[in-house]
Amino acid sequence: LVAALGVDSLPCSRLQVMLVGDSGVGKTCVLVRFKDGAFLAGSFISTVGIDFRVRDALGSIWDTAGQERFRSVTHAYYRDAHALLLLYDVTNKSSFDNMQAWLTEIHEYAQQNVVLMLLGNKADAAHERVVKREEGERLAKEYGVPFMETSAKSGMNVELAFTAIAKELKHRTMKDEGEQKFQLQEFVKKETRSTGCCGF
Ligand SMILES: Nc1nc2c(ncn2[C@@H]2O[C@H](COP(=O)(O)OP(=O)(O)OP(=O)(O)O)[C@@H](O)[C@H]2O)c(=O)[nH]1
């Protein structure tokens, strides 16, 4: 997992990362893209409850069901998560409107110091886009969370999202206080700028 996350070592053992957000926003696809470098096109198989796609001795990345009926199952896992990737779909307005409810839920069930990142997925689908990048940026700013747009289809920013949270977790658990503090927000801003995130 540590290698998959793109860092050399992670002092904190049993790291848990979770992907959350409405059904159909692309959580499973983002994780499959990260893990296998592939895109699951075509038929959409909804996740049931909770499913882990990446696991080793050091930790796991959990894919959760977005459907309301599984919510009580996923709540139970929130408090063990060290990091949460919260996704909406840029082609689905209600998935974006639901972000506030998700953020409230995270606040209620997750650990106070959980590493959180907001992702606007399906950025490749330019013609179907209904949520502007600026709207995502505004919401993220309001809640003080880092933000980027991703595409499981093209792979845009998928690895970067996992690398950014892994770097943040690594720096948080580092014993060496002399090390300069890692700034997740700054890292994300710089990296998304340098990769030119929205070239569609
Ligand atoms: N164009 C485009 N389609 C995507 C992208 N990511 C996912 N999809 C499509 O969106 C649909 C839903 O993707 P999933 O990854 O299964 O969604 P999910 O969030 O895991 O859904 P639940 O398991 O029900 O919570 C699938 O048909 C995917 O092919 C993307 O980045 N771009």
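Each remark here, short or long, concerns the structure printed above.
Residues numbered from 1 in each chain as written. Predicted model: local features only at pLDDT ≥ 70, side-chain atom pairs only at ≥ 80, totals over all residues. Heavy atoms only, no water.

## A short note on the overall build of the protein chain
When its secondary structure is counted, the protein chain shows seven helices and six strands. Taking all 200 residues of the protein chain together, the buried fraction comes to 50%. Here the analysis covers contacts within the protein chain between residues at least 6 apart in sequence; of these, 72% occur between residues at least 24 apart. Surface summary for the protein chain: the accessible area is close to 10100 Å², and the carbon and sulfur share equals 49%. (Helix = DSSP H or I, 4+ residues; strand = E, 2+ residues; numbered from the N terminus. Buried < 20%, exposed > 50% of the residue type's maximum accessible area, 1.4 Å probe, protein only. Contact = heavy atoms within 4.5 Å. Areas by Shrake-Rupley, 256 points an atom, 1.4 Å probe, with all protein chains shown as cover.)

## A short note on the side chain of R33
Structurally, R33 is set in helix α1 (residues 27-36). E159 is the oppositely charged side chain nearest to the buried, salt-bridge-free R33, at an N-O distance of 8.6 Å. A polar side-chain atom of R33 sits 2.8 Å from the main-chain carbonyl oxygen of A152. Beyond its immediate stretch of four places on either side in the chain, R33 contacts A38, F39, A152, K153, S154, G155 and V158. (Lys, Arg positive; Asp, Glu negative; His and termini not counted. Salt bridge = Lys/Arg side-chain N within 4 Å of Asp/Glu carboxyl O. Polar contact = N/O pair within 3.5 Å; in protein donor to acceptor, adjacent residues only side chain to side chain.)

## Points about the pattern of salt bridges
This structure, assessed with the given rule, holds six salt bridges. Of the charged contacts, one joins E137 and R133 as a salt bridge, the two residues approaching to 3.2 Å between their closest N and O atoms. A residue pair is termed a helical-turn pair when its members lie 3 or 4 positions apart in one helix, as E137 and R133 do in helix α5 (residues 133-143) at four residues. Judged by its relative accessible area of 34%, E137 is partly exposed. With relative accessibility at 31%, the residue R133 sits in the partly exposed group.

Read these as geometric descriptors, not functional statements.
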